[in-house]
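# What the coordinates show
Take a look at the letters that make up each chain.
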Amino acid sequence: MSDTQPQRVSIASLAIEDWPLARPFIISRGQKTSATVIHLTLTAGGKTGHGEAVPYARYSETPDQTLAQIRNAPLTLDRQRLLRDMPPGAARNAIDCAIWDLQAKLADLPAYRLANQLPPQRIQTCFTISLASPQEMADEAAEASDLKLLKLKLGGGLEDADRMAAVRHARPDARLVADANEAWLPGDLKQLLAVAARHDFELIEQPLPVDADAQLAQIDSPLPICADESAHTTQDLSSLKKRYDAVNIKLDKAGGLTEALNMANEARRLGFKIMVGSMVSTSLAVAPAMLLAAQADWVDLDGPLLLARDRDNGLSIHRGWIEPAGPQHWG
């Protein structure tokens, strides 16, 4: 199925859905008890394609605004036109992923074949430990003893040093990464990075606010630093080269799988390591990101693990390892 095929498609269904979480999800900017997602179904030629996206307040997105963007979008099977006509974000992500699913069904081919990617494979994902007191985070990490790759949400201030130390003490066997979600102060940066390195963390994600991250070019970090809020699309990458060692590619930020694939290729060309992440979502949002996982140094696609209940026929995640979903779910 050609990217430029002008065949029009129709919206079969479009809805805001709330999926309760198994426990509150807490980061430096606040907490949530459910995942609010947009579920889009497109139809053409007697087939349907599904996409899911997560409007994110940090990027001034709301569910209602995202619905309006989708309803007003030019809907065809031309994904390159979609890149030109819509800005990156949740609305474009929902449409783009639904088009991939629809194209796969129309062509009777798996989406990875259409994308010229290797078949998605079983892969290890991070499991997120929400922001809490050092002892509470250590206790949650200890409870997750069968999960070997943990991602700590940090909150800023020197108590983050205690959080990292407590979790490492509770889980000497685990691989650890941490995400500050822009919460660190420049004055604390060197000390907290040194603590992270001392406790064998593999990566620190977005330590400084986007408007302060130029200071990262002035330090010699003892471990890799990953851009998240600072890295949305391919166009962002060249300006980040001296500040970051890795980038977190998320379909909701990039505005779909099409741009995320472009971004991964350019990130590798520029020498970045890659994390593939997602917002808190169901398996439907994670399944397209699995096409990128083989290229990643870290995978953070644990959204379905955080839910009280996932979609039927979704991804199977056992002991931190994700099995690709079948084509009846997506792609």
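In case you missed it, the structure is sitting above this.
What counts, and where the lines are drawn
Residues numbered from 1 in each chain as written. Predicted model: local features only at pLDDT ≥ 70, side-chain atom pairs only at ≥ 80, totals over all residues. Heavy atoms only, no water. Helix = DSSP H or I, 4+ residues; strand = E, 2+ residues; numbered from the N terminus. Rg over C-alpha atoms; globule rule 2.2 N^0.38 Å. Buried < 20%, exposed > 50% of the residue type's maximum accessible area, 1.4 Å probe, protein only. Contact = heavy atoms within 4.5 Å. Areas by Shrake-Rupley, 256 points an atom, 1.4 Å probe, with all protein chains shown as cover. Lys, Arg positive; Asp, Glu negative; His and termini not counted. Charge placed at Lys NZ, Arg CZ, Asp CG, Glu CD. Phe/Tyr/Trp six-rings, centres within 6.5 Å; stacked < 30°, edge-to-face > 60°. Lys NZ or Arg CZ within 6 Å of the ring centre and 35° of its normal. Axes fitted to C-alpha atoms, helices over the stretch in contact; angles between N-to-C directions. Parallel < 35°, antiparallel > 145°, perpendicular 65-115°, else oblique. Nonpolar A, V, L, I, M, F, W, Y, C, P; charged D, E, K, R; others polar. Pairing = 2+ DSSP bridges. Core = buried A, V, L, I, M, F, W, Y, C linked by side-chain atoms within 4.5 Å. Polar contact = N/O pair within 3.5 Å; in protein donor to acceptor, adjacent residues only side chain to side chain. Right-handed = clockwise from strand over helix to strand, strands pointing away. Disulfide = S-S within 2.5 Å. Arc of directions from axis to C-beta.

## Some words on the overall build of the chain
From N to C terminus, the chain includes eleven helices and 14 strands. Relative to the 2.2 N^0.38 estimate, which gives 20 Å for 331 residues, the radius of gyration of the chain is 19 Å and therefore close to what a compact globule would have. With the C-alpha coordinates of the chain rotated into their principal frame, the extents come out at 60 × 40 × 35 Å. Taking all 331 residues of the chain together, the buried fraction comes to 56%. Nonlocal contacts in the chain, meaning residues at least 24 apart in sequence, comprise 67% of its contacts between residues at least 6 apart. Counting only carbon and sulfur atoms, one obtains 47% of the accessible surface of the chain, whose full area is about 13300 Å². Taking the average place of the 34 positive charges on the side chains of the chain and the average place of its 42 negative ones, the gap between the two points comes to 4 Å.

## Examining the packing of aromatic side chains
For the structure on display, the rule yields one aromatic pair. Both rings, one in Tyr56 and one in Tyr59, keep their centres 5.3 Å apart while their planes meet at 65 degrees; by these two values the pair is edge-to-face. Arg79 extends its terminal NZ or CZ atom over the ring of Trp100, reaching a point 3.6 Å from the ring centre. Here the basic side chain of Lys241 rests over the ring of Phe272, its NZ or CZ set 5.3 Å away from the ring centre.

## Thoughts on the packing of helix H6 (residues 159-170) against helix H7 (residues 189-198)
Relative to each other, H6 and H7 sit at 5 degrees, their axes nearing to 10 Å. By the angle class used here, H6 and H7 are roughly parallel. Counted together, Asp160, Ala161 and Met164 of H6 and Leu192, Val195 and Ala196 of H7 form the full contact between these two elements. Grouping the constituent residues of the contact of H6 with H7 by class yields five nonpolar, no polar and one charged.

## Thoughts on the sheet that holds strand E7 (residues 175-179)
If you trace the eight strands from one edge of the open sheet to the other, you get E5-E6-E7-E8-E9-E10-E11-E12, paired in parallel fashion. Each edge of the sheet is formed by a strand with only one pairing partner; in this case those strands are strand E5 (127-129) and strand E12 (298-300). Strand after strand, the sheet turns through a mean of 25 degrees between neighbouring axes, direction not considered. Of the strand pairs in this sheet, E7 and strand E8 (residues 201-205) are connected by three bridges, and their pairing is parallel. Paired with Leu176 across the bridge in E8 is Phe201.

## Observations regarding the nonpolar core
Within the largest apolar cluster, 81 residues are counted, with the highest numbers of intra-cluster contacts made by Leu152, Met164, Trp184, Leu257, Leu292 and Trp330. Sort the elements by how many residues they give to this core and helix H11 (residues 283-293) lands first, with eight residues. Beyond its immediate stretch of four places on either side in the chain, Leu292 contacts Ile249, Leu251, Leu257, Ala260, Leu261, Ala264 and Val276. By size, the runner-up hydrophobic cluster in this structure holds 21 residues, among which are Val9, Leu42, Ala53 and Leu102.

## Re the side chain of Lys250
Considering the arrangement of structural elements, one finds Lys250 in strand E10 (residues 246-250). Here the side chain of Lys250 touches Asp228 through a polar contact of 3.0 Å, side chain to side chain. Ignoring any residue separated from it by four or fewer positions in sequence, one finds Lys250 in contact with Asp228, Gly277, Ser278 and Met279.

## Points about the pairing of E8
The buried fraction of E8 amounts to four of the five residues, a majority that puts the element mostly inside the structure. Taken together, E7, H7 and E8 form a β-α-β motif whose crossover is right-handed. With two bridges connecting them, E8 and strand E9 (residues 225-227) associate as parallel partners. In the strand pairing of E9, Glu205 is matched with Cys226.

## Some remarks on the state of the cysteines
A complete count under the given rule lists zero disulfides for this structure. The structure places no disulfide on Cys97, whose sulfur is separated from the nearest cysteine sulfur, that of Cys226, by 20 Å. In this model Cys126 remains outside any disulfide bridge; the closest cysteine sulfur is found in Cys226, 10 Å from its own. Note on Cys126: relative accessible area 0%, which makes it buried.

## Structural notes on the sheet that holds strand E4 (residues 123-124)
Across the sheet, which stays open at both edges, the three strands sit in the order E4-E14-E13 with antiparallel pairing between neighbours. The two strands at the open ends of the sheet, each matched to only one other strand, are E4 and strand E13 (316-318).

## Comments concerning H7
Within H7, the full set of buried residues consists of Leu189, Leu192, Leu193, Val195 and Ala196. Here the buried residues of H7 occupy an arc of 155 degrees about the axis, which is enough to place them on one side. Along H7, exposed side chains directed more than 90 degrees from the buried face belong to Lys190 and Arg198. Positive backbone phi, approximately 60 degrees, marks Asp200, located one or two places after H7.

## Some details on the packing of helix H3 (residues 90-107) against helix H10 (residues 257-270)
Any two packed helices are characterised by how steeply their axes cross, that is the angle between the axes, and by the distance between the axes. Two numbers describe how H3 lies on H10: the axes approach to 8 Å, and their chain directions differ by 95 degrees. It follows from the interaxial angle that H3 and H10 lie roughly perpendicular. Side by side, H3 and H10 meet where Arg92, Asn93, Asp96, Cys97 and Trp100 of the first sit next to Leu257, Thr258, Glu259 and Leu261 of the second. In terms of residue class, the contact of H3 with H10 is built from four nonpolar, two polar and three charged.

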